[in-house]
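# Secondary and tertiary structure notes
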Amino acid sequence: MTSDLDTLLTALYVKIDDEIGDTRWLGRPPRLTDSELVCLAVAQAMLGFASEARWLRFVRSRLGAMFPYVPKQPGWNKRLRAALPLVKRAIRLLAMDADFWFDNHWIIDPTPVECGRSRPTVKRSDLAGWAGYGYCASHSRFFWGLRLYLVCTPTGMPVLWALTNPKLDEREVLTAMLDREPDAVTGRPGLLLIADKGFASKEFEADLALRGAELLRPSFKREKRRKGEPLLKSVRQLIESVNDTLKGQLDLEQHGGRTFEGVAVRVAQRVLALAAAIWHNHKTGKPVMRSLIAYDH
């Protein structure tokens, strides 16, 4: 089977339509179905259209045969912002439909999601109270925005994800994520969670042990060398490459959201595009699971 954007969108449409279907609406249902909405959201992220106006013009001129009806920009924006629960369900659906869902090795590394730079923007932003100032060690600078916590398999398939204020403690965030979805951890004997030094804590590791999981992280200078630590160098490259896919190929930092709903769904849109690419590459037997080259043009 060929791997191109049309093939991926067709397979994704069939999967979403069969497993999720359309939302029940009071009155006349919308002309753009939920399955079509999910497919268009994935295509927009993969093709790198940050501008909704340019994206909708492109769909009408180039994808009109696949999507006979496309709403105008206000209608598209309204449907997309309201589609966050649908996008979350689609991410989980694709993850569970791949063999990677049963992988008992998870990696996590929070990455900044900048939402504004100037002080006037920070003062008047609707994100105030949710977004905040944080420090990005990889760029050695402070930023104003959120942090994306992405728990994924070594192939990059998303398992859990969350957007939080950058001032929140990393261990508290991950604990809350595991508390919210305990079923994701159960039934995984020998689950190994691979993280950086920011997750170091005896209490946190004890909590993971109660859940049947173990933490693998780099040791501090005052500590003895931890079990499995020599493997971290190669795994660290995996973590960085997943973040690079989100930022370099899916334009995570150019999300363009200005409200709570806008930022959340646009970040989810990119996580969904990542999951869709991995899912389709897996189903078509491609050697590189996280490659988006076949779908970005």
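You'll find the protein chain entered in an unreviewed UniProt entry as IS982 family transposase, with Streptomyces sp. 900105755 given as the organism.

Next up on the list: the nonpolar core. Membership of the largest hydrophobic core comes to 101 residues, with the highest contact counts inside it found for Met46, Trp55, Trp106, Trp161, Leu163 and Leu174. When residues no more than four places from it in sequence are discounted, the contact partners of Trp106 are Val151, Cys152, Val159, Leu160, Leu178, Ala184, Val185, Arg188, Leu191, Leu192, Leu193 and Ile194.

Relative to the helices and strands, Ser35 is located in helix α2 (residues 34-47). Separated by 3.2 Å, the side chains of Ser35 and Asp17 make a polar contact. The contacts of Ser35, once residues within four sequence positions are left out, are Tyr13, Ile16, Asp17 and Asp22.

At a closest axis distance of 8 Å, the pairing of α2 and helix α10 (residues 260-283) adopts a crossing angle of 90°. In terms of axis orientation, α2 runs roughly perpendicular to α10. Between α2 and α10, the contacting residues are Val38, Ala41, Val42, Gln44, Ala45 and Met46 on the first element and Gln269, Arg270, Leu272, Ala273, Ala276 and Ala277 on the second.

Moving on, we get to the layout of surface pockets. Of the volumes computed, that of the largest pocket is approximately 560 Å³. Forming the walls of the largest pocket are 20 residues, and the residues nearest its centre are Lys88, Trp161, Ala162, Arg180 and Glu181. If you list the elements that add at least two residues to the lining of the largest pocket, you get α5 (84-96), β5 (158-164), α7 (170-180) and α10. With seven residues, β5 is the largest single contributor of residues to the lining of the largest pocket. Of the residues that constitute the lining of the largest pocket, the class distribution is 14 nonpolar, one polar and five charged. By volume, the second largest pocket amounts to about 370 Å³. Around the second largest pocket sit 18 residues that line it, and Asp109, Pro110, Pro112, Ser138 and Arg236 are the ones nearest its centre. Elements with a minimum of two residues in the lining of the second largest pocket: β2 (111-116), β3 (132-136) and α9 (232-249). The biggest single contributor to the lining of the second largest pocket is α9, with five residues.

Parameters at a glance
Residues numbered from 1 in each chain as written. Predicted model: local features only at pLDDT ≥ 70, side-chain atom pairs only at ≥ 80, totals over all residues. Heavy atoms only, no water. Core = buried A, V, L, I, M, F, W, Y, C linked by side-chain atoms within 4.5 Å. Buried < 20%, exposed > 50% of the residue type's maximum accessible area, 1.4 Å probe, protein only. Contact = heavy atoms within 4.5 Å. Helix = DSSP H or I, 4+ residues; strand = E, 2+ residues; numbered from the N terminus. Polar contact = N/O pair within 3.5 Å; in protein donor to acceptor, adjacent residues only side chain to side chain. Axes fitted to C-alpha atoms, helices over the stretch in contact; angles between N-to-C directions. Parallel < 35°, antiparallel > 145°, perpendicular 65-115°, else oblique. 1 Å grid on protein atoms, 1.4 Å probe; cavity = no way out; pocket = protein on both sides within 12 Å on 5 of 7 lines; lining within 4 Å. Points joined across faces, edges and corners; volume = space filled by probe spheres on them. Nonpolar A, V, L, I, M, F, W, Y, C, P; charged D, E, K, R; others polar.

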